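Chains, contacts and geometry: an overview
Listed here are the chains, written in short residue letters.
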Amino acid sequence: MRLLVLIAALLTLTAVARAEEVPPFDFPHLPGAAQEFYETAKTGEPTAAFNYVLPLLSEPDLTDPERRQILGYLQVAYAGYDHDDPTGAHYAGMAAGLLTQVHSALTEHGLALAWANRCIGHIGDRWEEKDVNLTLGGCIESAVIALNELSDYERAIEYAGLARQVYKMFVEEEPDREFYVANTLMLEANALDGLKRHREAIGLNEDALEIYERLAGPESVAAANIIANIGASYWYMKELEPARDWSLRALPLIDKHWGAHSYGASVVRVNLGLIAFDLGREEEAMKWAVEILPYIAANPKSSLNNQRWTFELMRNIFSARNQHERAILFGKMAVNAQQEIRALNQGLSEEDTEGLRAEWSRLYRDLADLMIEEGRFSEAQAVLNMEKEQEAFEFLQRDGEADLRETVAVLTDAESSDAEKLAALALRPVEARAAWEALSARLDAGGGTAEEEDQLFLLEDAMAEAEAAFEAEVGAFLAEVEETRREGFAARFDATGAYQAILEARERPSAILQLAMLEDATHLFLTLPGATVHEKVEIPRAEMRRKVFDTLQAIEARSPEAEAHLQGLYTVLFAPVREALKVAGTEVVMINADGVLRYVPFAALHDGERYLVEDYAFALYVAAVQTQFARAPRAPESAAGFGVTQAHAGFSALPGVAAEIEALFTGGDGEGVLAGQTLLDGAFDIRALRRTLRNPPELLHIASHFALRPGQDDDSFLLLGDGTRLPLSELRTSKFRMTGVDLLTLSACQTARGGDGSEIDGFGAAALMGGASAVMASLWPVADAATPLLMGDFYAGLYERDEDKAEALRRAQITMLRSGGEGQGANRAALALKAGSGAGAVSDFSHPYFWSAFVLMGNWL
């Protein structure tokens, strides 16, 4: 990590005429400012406003709220000068230059560049004027800092060279101006590091260091910054010993000039943590990371770059310790910091921020990899979509106001308490420091008493104790290891007799296939009437999770490679027991799967010649629910249909739902398999749903959007027709009991998938636990055009061909697989994303994306 700072001489201004009205501003009193200018500044006089905050800009440990207040004064100054007067334009340029610096410090680099452009616009043609020359060079330097932060390194190098040309104009006349030339060398070296030209960066930094040491001294803040950056360059090249030596040389100087809880100090500590981690010294790396937290807690905006590096480091440390839950927590915090930076700069074009996105894309990919290893597929997909911004798949596009750059990786319920605890710990030394600073400012102003001086000394003691207590508590926090995984297989595998009793009672030859992932292998337990088979597949759990995730990604992308992925899963999850199923004449396979294996579309597994759906019917056996296998009477009039067709905040319209309901239910045209009540849009509200469940129909069909937020029951919801969001947590209550419903069809997206494969997370399992006999739900966002076709054939199998649910679904899937079709439309998507281009036309529905999304859970008869 590189120090990006502007070291400049700040000049007090003499007053000139004011040109325009100042913007509304309440002129807060700022401790540490030039108080002799305050009363005049309050009148809106621009020079007084400028000079009042000038001393604060030399402080290395400004807080974000202080920066916000400084912005107000500088804007008053800028607006107050006569921009047509040469002196007024120069002073306005100076104010714009400082506005550039402050906005950049707040990570608002787009605004920083805008103010830099204003500065250059006012004085860009006056670079031969000695007084204006420094101001212009400073504005260009500030633009270089913003460009470096946006990872726009080529332009940063160009602007650094331009600033250097400006400064060199008067170097011979005023040799001290070489100091500013050194600034441009340092900033260009930062850009070279970003371009991975680290040897060149070190060369420029050494040139700058020679100038700084000659003009400011070997222990100056300027020299300290360069020393730190040279250490960073060596770390980038993985030359760890020189990296450590240079960084340790910089640290005491940085602490002396900046303070231990400052931007500069946090940068050096991050670098030392990264170096220690690469040297295999995890405890030392964690120590350096923990020391940065007080600065981050006190400066949530200006520390965003530090947050990315610090939380990424902590993620890697916990991952190396195999503490994956902790690693995911800090991985999310790193992604959140990156998302906030992108949100703060979303006024810039995609081209302007492409470097920022590309350089930090690793945060998203690495976090997604951790989530996949833990089976948290829904979260992994959300994180990858955040990184891609608008590059969602055609069929994942939907209308809405949300911009992905404003989304963050939601911390799940279990993690929030850890994050809150971490923040509380980090703030303790910050509070002590804030009290010390307030009292110190009074004493420095000459207004303190001996009693206040005693209080100051006591506060210094308290600060030391608070920091020691903080480090001790964080150490205890980090050492806490929770056993969050429970295999829980033994009870299931001891129930062979009960399973066989279930199978012997079935009219159709059936089997139960249990799949259990262990650390190093996946076990297949096949239970047949009167027989059991066990197969062990030597594949690590992490690799299996990756196989499943890659398969689902290929399916949802409608990739031609999906069949190869499905064949790979067939080889490890079904082929080992295929012969036993063939010998037993099995027709229906009930899947009792572990973790993310519940998300595998078994009907779509491919044996190299055909899909399994062409030979077997499948249903999910949910062990968490006591399923009663019995065939219920079927009457077309004992059905109800609910749907959402209109657009709501964050979700697109679903025109296909109206066609779906009309095709399935008998209306004025007398056509349709079902004959019950239908309610669309505003008529489909909570009252209507609860009223229907008081006298439940045998079949309940709901076509809408479902938003899944893994681990956040209150944020996972079904969208009702009036725009109400029915949370998963409320659906699980007695208010929505579904006892008496033989089949609940959830024609919405990802209703069968929970957060990490847990049976009790998904909407489908929640409905089963609420009393529904069977649930048909989807594994991924379903295509709006394909769903009515599949549903129509499925219900025809139930009510016209008198098939059981599993067979009716199998035949409907085969029909779609073999006959194809055409359509175009939206889909019932899990996340509200900003729309891109329209969904593309579909030439046929033979791809597994269209026909294998739906799975049957529970009573398949």
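Residues numbered from 1 in each chain as written. Predicted model: local features only at pLDDT ≥ 70, side-chain atom pairs only at ≥ 80, totals over all residues. Heavy atoms only, no water.

Observations regarding the overall build of the chain
Secondary structure assignment for the chain yields 32 helices and 14 strands. The buried share of the chain, reckoned over its 861 residues, is 59%. Intrachain contacts of the chain at a sequence separation of at least 6 include 74% that bridge at least 24 residues. Looking at the chain as shown, the accessible area adds up to about 32700 Å², and 50% of this sits on carbon and sulfur atoms. (Helix = DSSP H or I, 4+ residues; strand = E, 2+ residues; numbered from the N terminus. Buried < 20%, exposed > 50% of the residue type's maximum accessible area, 1.4 Å probe, protein only. Contact = heavy atoms within 4.5 Å. Areas by Shrake-Rupley, 256 points an atom, 1.4 Å probe, with all protein chains shown as cover.)

A closer look at the state of the cysteines
As enumerated under the stated definition, the model contains 1 disulfide in all. The disulfide partner of Cys119 is Cys139, and the gap between their sulfur atoms is 1.9 Å. Because the sign of the S-S torsion sets the handedness, a value of about 80° for the bond joining Cys119 and Cys139 places this disulfide among the right-handed ones. Within this pair, whereas Cys119 is found in helix H5 (residues 109-123), its partner Cys139 is found in helix H6 (residues 130-149), the two being separated by 20 residues in sequence. Accessibility expressed as a relative area gives 1% for Cys139, which makes it buried. (Disulfide = S-S within 2.5 Å.)

What to know about a positive patch on the surface
On the surface, Arg687, Arg690, Arg691 and Arg694 cluster together into a positively charged patch. Mapped onto the secondary structure, Arg687 falls in helix H27 (residues 686-694). (Patch = residues over 30% accessible without salt bridge, like charges linked within 9 Å, V, L, I, M, F, W, Y side chains within 5 Å. Salt bridge = Lys/Arg side-chain N within 4 Å of Asp/Glu carboxyl O. Lys, Arg positive; Asp, Glu negative; His and termini not counted. Charge placed at Lys NZ, Arg CZ, Asp CG, Glu CD.)

Regarding helix H9 (residues 198-215)
If you check H9, its first and last C-alpha atoms are 25 Å apart, about what 18 residues at 1.5 Å a residue would give, namely 26 Å. Along its buried surface, H9 packs onto helix H8 (178-194), helix H10 (221-236) and helix H11 (240-258). Positive phi shows up at Gly217, right after H9, with a value of about 110°. (Expected span 1.5 Å × (residues − 1).)

Remarks on the packing of helix H23 (residues 541-556) against helix H24 (residues 562-573)
Two elements in contact, H23 and H24, have axes separated by 9 Å at closest approach and are oriented at 150°. By the criterion of interaxial angle, the relationship of H23 to H24 is roughly antiparallel. The handedness of the crossing between H23 and H24 is left-handed. Residue-level contacts link Met544, Lys547, Val548, Asp550, Thr551, Ala554 and Ile555 of H23 to Ala562, His565, Leu566, Leu569, Val572 and Leu573 of H24. For the contact of H23 with H24, a count of residues per class yields 9 nonpolar, 2 polar and 2 charged. (Axes fitted to C-alpha atoms, helices over the stretch in contact; angles between N-to-C directions. Parallel < 35°, antiparallel > 145°, perpendicular 65-115°, else oblique. Left-handed = near helix turned anticlockwise from the far one by under 90°. Nonpolar A, V, L, I, M, F, W, Y, C, P; charged D, E, K, R; others polar.)

Considerations on the packing of helix H3 (residues 64-80) against helix H4 (residues 86-105)
At a minimum axis distance of 9 Å, the contact between H3 and H4 shows a crossing angle of 160°. With respect to H4, the element H3 is oriented roughly antiparallel. As H3 runs across H4, the sense of the crossing is left-handed. Every residue of H4 that contacts H3 at Arg67, Ile70, Leu71, Leu74, Gln75, Ala77 and Tyr78 is listed here: Ala92, Ala95, Ala96, Leu98, Leu99, Val102, His103 and Ala105.

Considerations on the pairing of strand E13 (residues 774-778)
The buried fraction of E13 amounts to 5 of the 5 residues, a majority that puts the element mostly inside the structure. Side-chain alternation along E13 places Ala774, Met776 and Ser778 on one buried face and Val775 and Ala777 on a second face that is also buried. Two strands pair when backbone bridges link them, and strand E12 (residues 743-747) and E13 are joined in this way by 2 bridges, in the parallel orientation. Of the residues in E13, the one forming a bridge with Thr745 is Met776. (Pairing = 2+ DSSP bridges.)

Considerations on unusual backbone geometry
Residue Lys238 is not a glycine yet carries a positive backbone phi of 60°. As for its placement among the helices and strands, Lys238 is situated in the loop between H10 and H11. A residue is classified by how much of its surface remains accessible, and Lys238, at 45% relative accessible area, is partly exposed. One non-glycine residue, Arg558, adopts positive backbone phi at about 55°. Looking at Arg558, the relative accessible area reads 23%, which means it is partly exposed.

Brief notes about H23
Count 3.6 residues to each turn of an α-helix, and residues three or four apart come out pointing the same way. Taking 1.5 Å of rise per residue, the 16 residues of H23 would be expected to cover 22 Å, and the 23 Å separating its terminal C-alpha atoms lies within 8% of that figure. If you check which residues of H23 are buried, you get Arg541, Met544, Arg545, Val548, Phe549, Thr551, Leu552, Gln553, Ala554, Ile555 and Glu556.

Notes on the nonpolar core
One finds Phe574 and Tyr795 to be the most contacted residues of the largest nonpolar core, which totals 225 residues. The greatest single-element share of this core, amounting to 11 residues, is contributed by H10. Not counting the four nearest positions on each side in its chain, Phe574 is found in contact with Leu513, Leu524, Leu569, Leu581, Val589, Phe602, Leu605, Leu612, Tyr616 and Phe618. If you look at the next biggest cluster of nonpolar residues, it comprises 40 residues, including Phe50, Leu71, Leu106 and Cys119. (Core = buried A, V, L, I, M, F, W, Y, C linked by side-chain atoms within 4.5 Å.)

Structural notes on the sheet that holds strand E11 (residues 725-727)
Spatial strand order, E9-E10-E11: 3 strands in an open sheet with antiparallel pairing. The strands lining the two open edges of the sheet, one partner per strand, are strand E9 (706-707) and E11.

Topic: the pattern of salt bridges
One side chain can pair with another of opposite charge once the charged atoms of both are near each other. For the structure on display, the rule yields 45 salt bridges. As a salt-bridge pair, Glu108 and Arg68 come within 2.5 Å of each other at their nearest N and O atoms. In this pair, Glu108 sits in the loop between H4 and H5 while Arg68 sits in helix H3, placing the two residues 40 residues apart along the sequence. Between Glu283 and Arg321 there is a salt bridge, with the nearest N and O atoms lying 2.8 Å from each other. Of this pair, Glu283 sits in helix H13 (residues 282-298) while Arg321 is found in the loop between helix H14 (304-320) and helix H15 (324-344), placing the two residues 38 residues apart along the sequence. The class for Glu283 is exposed, based on a relative accessible area of 58%. The network of salt bridges with shared partners includes Arg508, Glu587, Asp793, Arg801, Glu803, Asp804, Glu807, Arg810 and Arg811.

Focus: the confidence of the model for the chain
Looking at the chain as a whole, its pLDDT mean stands at 81, while 79% of the residues score no less than 70. Scored below 50 in pLDDT, residues 389-404 makes 58 contacts in the model with residues more than four places away or belonging to other chains. Within the model, the stretch residues 473-497 combines pLDDT values under 50 with 42 contacts to residues more than four positions away or in other chains. (pLDDT = per-residue confidence, 0-100.)

Notes on the environment of Val533
Assignment of secondary structure puts Val533 in strand E3 (residues 531-537). Sequence-wise, Val533 and Leu581 are 48 residues apart; in three dimensions their C-alpha atoms are separated by 10.0 Å. The residues contacting Val533, other than those within four sequence positions of it, are Leu524, Phe525, Leu526 and Ala580.

Some points on the packing of aromatic side chains
For the structure on display, the rule yields 26 aromatic pairs. Centroid distance Tyr38 to Tyr52: 5.2 Å. Interplanar angle 40°. Geometry classified as tilted. Residue Tyr38 is found in helix H1 (residues 38-41), and its partner Tyr52 is found in helix H2 (residues 46-53); the two are separated by 14 residues along the sequence. Residue Tyr38 shares its accessibility class with Tyr52, and that shared class is buried. Clustering of aromatic rings is evident, with ring pairs tying together Tyr570, Phe574, Phe602, Tyr616 and Phe618. (Phe/Tyr/Trp six-rings, centres within 6.5 Å; stacked < 30°, edge-to-face > 60°.)

Considerations on the side chain of Arg508
For Arg508, the location among the structural elements is in the loop between helix H22 (496-504) and strand E1 (510-517). Look at Arg508 and you get buried, because its relative accessible area is 18%. In this structure the side chain of Arg508 is engaged in a polar contact, spanning 3.0 Å, whose partner is the side chain of Glu587. (Polar contact = N/O pair within 3.5 Å; in protein donor to acceptor, adjacent residues only side chain to side chain.)

Side note on the environment of Gly585
Relative to the elements of secondary structure, Gly585 occurs in the loop between helix H25 (575-584) and strand E4 (588-593). Residue classification places Gly585 among the partly exposed residues on the basis of a relative accessible area of 35%.

Quick look at the side chain of Asp681
The topology assignment puts Asp681 in the loop between strand E7 (677-680) and H27. Look at Asp681 and you get buried, because its relative accessible area is 9%. Not counting chain neighbours up to four residues away, the residues in contact with Asp681 comprise Gly643, Val644, Thr645, Gln646, Gly721 and Asp722.

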